[in-house]
Amino acid sequence: MATETQVQIYGNYINGEWVTASSQEPIASINPANTKEVVGYLQNSTSDDLNRAVAAAKEAQPAWRKLSGAVRGEYLYKIASEMEKRLDEIAATMTREMGKTFGEAKGETLRGINILRYYAGEGMRKVGDVIPSSDSEALMFTTRVPLGVVGVITPWNFPVAIPIWKMAPALIYGNSIVFKPASETGVTAAKIVECMDAAGLPAGVVNLVCGSGSVIGQGIAEHPSINGVTFTGSNTVGKQIGQTCLARGAKYQLEMGGKNPVIVANDADLDQAVEATISGGLRSTGQKCTATSRVIVQSGIYDAFKEKLIEKVEALKVGDGLQGETWMGPCANANQLKTVLSYIEKGIAEGATLIAGGGKPDAEDLASGYYVQPTVFEDVTGSMSIAQEEIFGPVLALMKVETLEEALEIANDVEYGLSASIFTKNIGNMLAFIQDMDAGLVRINAESAGVELQAPFGGMKQSSSHSREQGQAAIEFFTAIKTVFVKP
Ligand SMILES: NC(=O)C1=CN([C@@H]2O[C@H](COP(=O)(O)OP(=O)(O)OC[C@H]3O[C@@H](n4cnc5c(N)ncnc54)[C@H](OP(=O)(O)O)[C@@H]3O)[C@@H](O)[C@H]2O)C=CC1
Ligand SMILES: O=C(O)CCC(=O)C(=O)O
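Residues numbered from 1 in each chain as written. Chains lettered and ligands numbered in written order. Predicted model: local features only at pLDDT ≥ 70, side-chain atom pairs only at ≥ 80, totals over all residues. Heavy atoms only, no water.

(A) Broad picture of the overall build of the protein. A tally of regular secondary structure across the protein gives 16 helices and 20 strands. In summary, the protein has a C-alpha radius of gyration of 23 Å against a globular reference of 23 Å for 488 residues, a match within 12%. For the protein, the spread of C-alpha atoms along the three principal axes comes to 70 × 70 × 40 Å. Relative to its full complement of 488 residues, the protein shows a buried share of 57%. Partitioning the intrachain contacts of the protein with sequence separation of at least 6 by distance along the chain shows that 73% fall at a separation of at least 24. For the protein, the accessible surface area stands at approximately 19,200 Å², while carbon and sulfur atoms represent 51% of it. Of the charged side chains in the protein, 41 are positive and 55 negative, and the gap between their average positions amounts to 7 Å. (Helix = DSSP H or I, 4+ residues; strand = E, 2+ residues; numbered from the N terminus. Rg over C-alpha atoms; globule rule 2.2 N^0.38 Å. Buried < 20%, exposed > 50% of the residue type's maximum accessible area, 1.4 Å probe, protein only. Contact = heavy atoms within 4.5 Å. Areas by Shrake-Rupley, 256 points an atom, 1.4 Å probe, with all protein chains shown as cover. Lys, Arg positive; Asp, Glu negative; His and termini not counted. Charge placed at Lys NZ, Arg CZ, Asp CG, Glu CD.)

(B) Geometry of the UniProt feature "active site" (unreviewed entry) in the protein. Mapped onto this numbering, the UniProt entry gives "active site" (unreviewed entry) at E255. Structurally, the position occupied by E255 is in strand β10 (residues 251-255). Assessed through its relative accessible area of 3%, E255 is described here as buried. Setting aside residues no more than four positions away along its own chain, E255 makes contact with F231, T232, G233, L418, F457, G458, G459, S463, S464, S467 and E469. (UniProt positions renumbered as here; feature names shortened; annotations may be inferred.)

(C) Focus on the site of ligand 1. Among the 29 residues in the neighbourhood of ligand 1, the closest are listed as T154, W156, S183, S234 and Q336. A distance of 3.4 Å separates an oxygen atom of ligand 1 from a polar backbone atom of G211. E390 places a side-chain nitrogen or oxygen 2.9 Å from an oxygen atom of ligand 1. Burial of ligand 1 by the surrounding chains reaches 84%, relative to a free accessible area of 870 Å². Looking at the shell around ligand 1, the elements that each hand over two or more residues are α8 (213-222), β9 (228-232) and α9 (235-248). Tallied by class, residues from the shell around ligand 1 come to 11 nonpolar, 14 polar and 4 charged. Mapping the shell around ligand 1 onto the domain boundaries places at least three of its residues in each of domain 1 (2-256 + 464-486) and domain 2 (260-453). (Near = heavy atom within 4 Å. Polar contact = N/O pair within 3.5 Å; in protein donor to acceptor, adjacent residues only side chain to side chain. Nonpolar A, V, L, I, M, F, W, Y, C, P; charged D, E, K, R; others polar. Domains from an automatic or database assignment.)

(D) Focus on helix α12 (residues 334-349). A rise of 1.5 Å per residue sets the reference length of α12, with its 16 residues, at 22 Å; its end C-alpha atoms lie 23 Å apart and thus fit the reference within 8%. Where α12 is concerned, the buried positions are Q336, L337, V340, Y343, I344 and G347. Viewed along the axis of α12, the buried residues span an arc of 130°, placing them on a single side of the element. Exposed residues lying more than 90 degrees from the buried face of α12 are N335, K338, E345 and A349. (Expected span 1.5 Å × (residues − 1). Arc of directions from axis to C-beta.)

(E) Seen up close, the nonpolar core. One finds L76, Y119 and M196 to be the most contacted residues of the largest nonpolar core, which totals 66 residues. Shared between two domains, this core holds at least three residues of each, these being domain 1 (2-256 + 464-486) and domain 2 (260-453). Apart from residues lying up to four places away in sequence, Y119 is in contact with L76, A168, P169, I172, Y173, Q470, G471 and A474. Counting residues in hydrophobic clusters, the runner-up holds 29 residues, among them I296, C331, V372 and M384. (Core = buried A, V, L, I, M, F, W, Y, C linked by side-chain atoms within 4.5 Å.)

(F) The pairing of strand β11 (residues 260-264), seen in detail. The buried fraction of β11 is high, at 5 of 5 residues. Side chains N260, V262 and V264 of β11 all project onto a buried face; the interleaved residues P261 and I263 project onto the opposite face, where all are buried too. The sheet contact formed by β11 and strand β12 (residues 292-298) spans 5 bridges and is parallel. Looking at the pairing, V262 lines up with V295 of β12. Pairing of β11 with strand β17 (residues 419-423) involves 3 bridges; the strand directions are parallel. (Pairing = 2+ DSSP bridges.)

Below, the structure written as structure tokens:
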């Protein structure tokens, strides 16, 4: 009861003001580690609220765009400083809203701050090239212009880093924003926007509209005044957004699922491979699009690898992410837990052998959260659902192979192509993997998760719309090239 009385209601942020949605029916954001705790209340917005946010963004964009890149960059530096002042508070809110451990949440918030500073610097870098004209008297060059109003639709699994790696480049290149965060993590989103407000960002440049995906998310995809939509989330929703944008001629960028493999070769450093498989597969409760899901192990090292992996997985401490000793928190919501448990059942039904975990933990103090045990299967074959479909949970599927060629064939035999790792000391194995692995991110002797903010990020096959986010690659989505020809 004590928590209920202190719970804050967060407004939408439209045209520089915190406002209540027209529906007057706030949505509760629940702590997945203890479902009796409400973290905060968010607005359940309607299309009228969305229209107001889009109108504000449209009005603010021309003046924002006219500022120099350096001046826009100053705002990003200020937002980063505001977030730094509230680092622990924002990280704790993230843990309470979606369950990842406080250490991971703090690391992610710092990453968000670093992304802001990186793109602040981009405001001072070149945006075009001089190209020789066939006319000797003419000057020909390229410049770039912003898209206009950008819709930002984000998931709950990286509630700070993903919104910021979309919004920071959108802003630095002169766009204004309508931001619709995942409903699970609306309080964390509101705190990011509070930092933007405290930094003095001009009214209307960023607008926050909370509400359901089917109303506000779909409304953004359909809105005639939104010029581009950047999305991270499920494949089903991503494709729907892509088709809606395509139909009205808007630009879109989609980052979606993964079914990421790790190959462990006979000559791998065993300890390194085990540590990286656990970290890549089970941190954040396996809820990363880059999480390791399939572990393809050569027969010569299989038994030793399996033994060490199981010993370590069974020692992992599951619990509330705010408690220092916790290694793995709960699933982010009831649906996630249900999905993970149903994949575990499918794995057993399709003939895989369960060798660790496999259900909810027994501990009484975990009964009111969405907890699941870290789980490992062996005897997994390529056609099983747990080898093909994204689980988005702490479930590892071990697959034994004889040769590296066989390992690569299995690794590529899925519809996704986001990230992939190999553990080997052999340069030939490394080069074959770099060359033949169909993934946007290939990592050698390193876990499959973990993205560096200054490098391009995105997937192949069904994992993305084939565009790239982050680093300097972000300019490709958030701007259009203008080729200029000048003749005296
Ligand atoms: N690639 C990744 O990083 C992620 C992948 N996923 C995958 O998706 C699965 C389901 O997760 P879930 O959270 O439901 O993912 P969704 O794709 O449903 O949600 C992602 C974002 O899209 C919004 N949204 C939902 N429906 C629509 C719609 N019709 N039109 C526009 N926007 C919409 C959501 O809003 P709201 O929250 O209000 O529903 C949220 O902001 C996971 O199990 C995982 O497999 C999930 C998250 C991240
Ligand atoms: O691995 C990472 O750091 C990023 C993962 C990611 O982008 C995602 O899960 O959506």
